[in-house]
Amino acid sequence: MDDEEYLTLIQRLGPKLYRFFLSRGTKTDAEESVQEVFTRLIERLNAAAFNKDLGNSDSYAWGIAMNLRRERARSREISVVDQDYEVVDPASLPVPGAENFVALKKAVQTLGEPERTILQLLLADMQISEISAVLNMPNGTVKSHIHRGKENIRAILRKWGVL
């Protein structure tokens, strides 16, 4: 890949990866995670560890992102203090309805796997076909998890009095 192709890849995937990692933690964690994904991707592309016949660079990057997320989740399980989330007072946010967004983010965090990951990828503007490729699941299975996840979130938000 030349510099122009790298730049295009970063511009195309950067915002989606950032939103995905932000849905799991702080802004700092998201920025560091996106940087780590691109560092690993470029290292592997330069080392010819990527085979274009087996997939595209986008799917490869999402695979790296999923593995990085798992690595970081394991390291948090080991750590005594979990500093994964910033404490945010919804009233201090300038956007109307921001408290609903905070509640939605917390509700997504309460879901089990794979619904949580699938909804976070969906919220990161990934298409169902892209999610299917990244998670190696049929489209129908991804759609079922989306439906089930949405139903569970509605129930959680009703329980919390948000809906």
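See the structure printed just above.
About the thresholds
Numbering of residues begins from 1 in every chain and follows the order in which that chain's sequence is written. Local features in a predicted model are, by the rule used here, given only for residues with pLDDT of at least 70; side-chain atom pairs are given and counted only at 80 or more, and totals for whole chains, interfaces and linings are based on all residues. Computation of side-chain values covers all heavy atoms of the structure but excludes hydrogens and water. The helix and strand labels rest on DSSP assignments: H or I over at least four residues marks a helix, E over at least two residues marks a strand, and numbering proceeds from the N terminus. Throughout, a residue-residue contact means that at least one pair of heavy atoms, one from each residue, lies within 4.5 Å. Basic side-chain nitrogens of Lys or Arg form a salt bridge, by our definition, when they fall within 4 Å of a carboxyl oxygen of Asp or Glu. Only protein chains enter the accessibility calculation, which uses a 1.4 Å probe; a residue is then buried when its area is under 20% of its type maximum, exposed when over 50%, and partly exposed in between. Note that the arc is computed from the directions linking the helix axis to the C-beta atoms. Every helix has an expected span of 1.5 Å times one less than the residues it contains. Pairing of aromatic rings covers Phe, Tyr and Trp, the last through its six-membered ring, and needs centres within 6.5 Å; plane angles under 30 degrees mean stacked, over 60 mean edge-to-face, and all others mean tilted.

Within the secondary structure layout, I128 lies in helix α6 (residues 128-135). As a C-alpha pair, I128 and G140 span 12 residues in sequence and 9.2 Å in three-dimensional space. When neighbours within four sequence positions are excluded, I128 is seen to be in contact with N139, V142, K143 and I146.

On to the pattern of salt bridges. Tallied over the entire structure, the rule returns nine salt bridges. A salt bridge links D58 to R12; the shortest N-O distance between them is 2.5 Å. With D58 in helix α3 (residues 57-78) and R12 in helix α1 (residues 3-22), this pair connects stretches of sequence that are 46 residues apart. On the accessibility criterion, D58 (16% relative accessible area) is buried. Exposure remark for R12: the relative accessible area of 39% places this residue in the partly exposed category. R69 is the salt-bridge partner of E113, the closest N and O atoms lying 3.9 Å from each other. A residue pair is termed long-range when its members are at least 10 positions apart, and E113 in the loop between α4 (98-110) and α5 (115-123) and R69 in helix α3 qualify at 44 residues. On the basis of relative accessibility, which here comes to 40%, the residue E113 falls in the partly exposed class. By relative accessible area, R69 is classed as buried at 12%.

Another point: α6. I131, S132, V134 and L135 are the residues of α6 that are buried. Taken around the axis of α6, the buried residues stretch over an arc of 165°, which confines them to a single face.

This brings us to helix α2 (residues 27-46). A turn of α-helix holds 3.6 residues, and therefore any two residues three or four places apart point the same way. Given a rise of 1.5 Å per residue, 20 residues ought to cover 28 Å, and the 29 Å separating the end C-alpha atoms of α2 matches this to within 8%. When α2 is considered as a whole, its buried residues turn out to be A30, S33, V34, V37, F38, R40, L41 and L45. Projected onto a plane normal to the axis of α2, the buried residues spread over an arc of 165° and lie on a single side. Facing away from the buried side of α2 by more than 90 degrees, the exposed set consists of Q35, E43 and N46.

The description of an aromatic ring pair rests on the distance of the ring centres and on the angle between the ring planes. The full count for this structure, using the stated rule, is two aromatic pairs. Taken together, a centroid distance of 5.2 Å and an interplanar angle of 65° make the contact between F20 and F21 edge-to-face. By relative accessible area, F21 is classed as buried at 6%. A centroid spacing of 5.8 Å and a plane angle of 75° characterise the contact between F20 and W62, whose relative ring orientation is edge-to-face. Here the residue F20 occupies a position in helix α1, and W62 occupies one in helix α3, the gap between them amounting to 42 residues. Comparing F20 with W62, the two get one shared label, buried. Three or more aromatic residues joined by ring pairs make a cluster, and in this case those are F20, F21 and W62.

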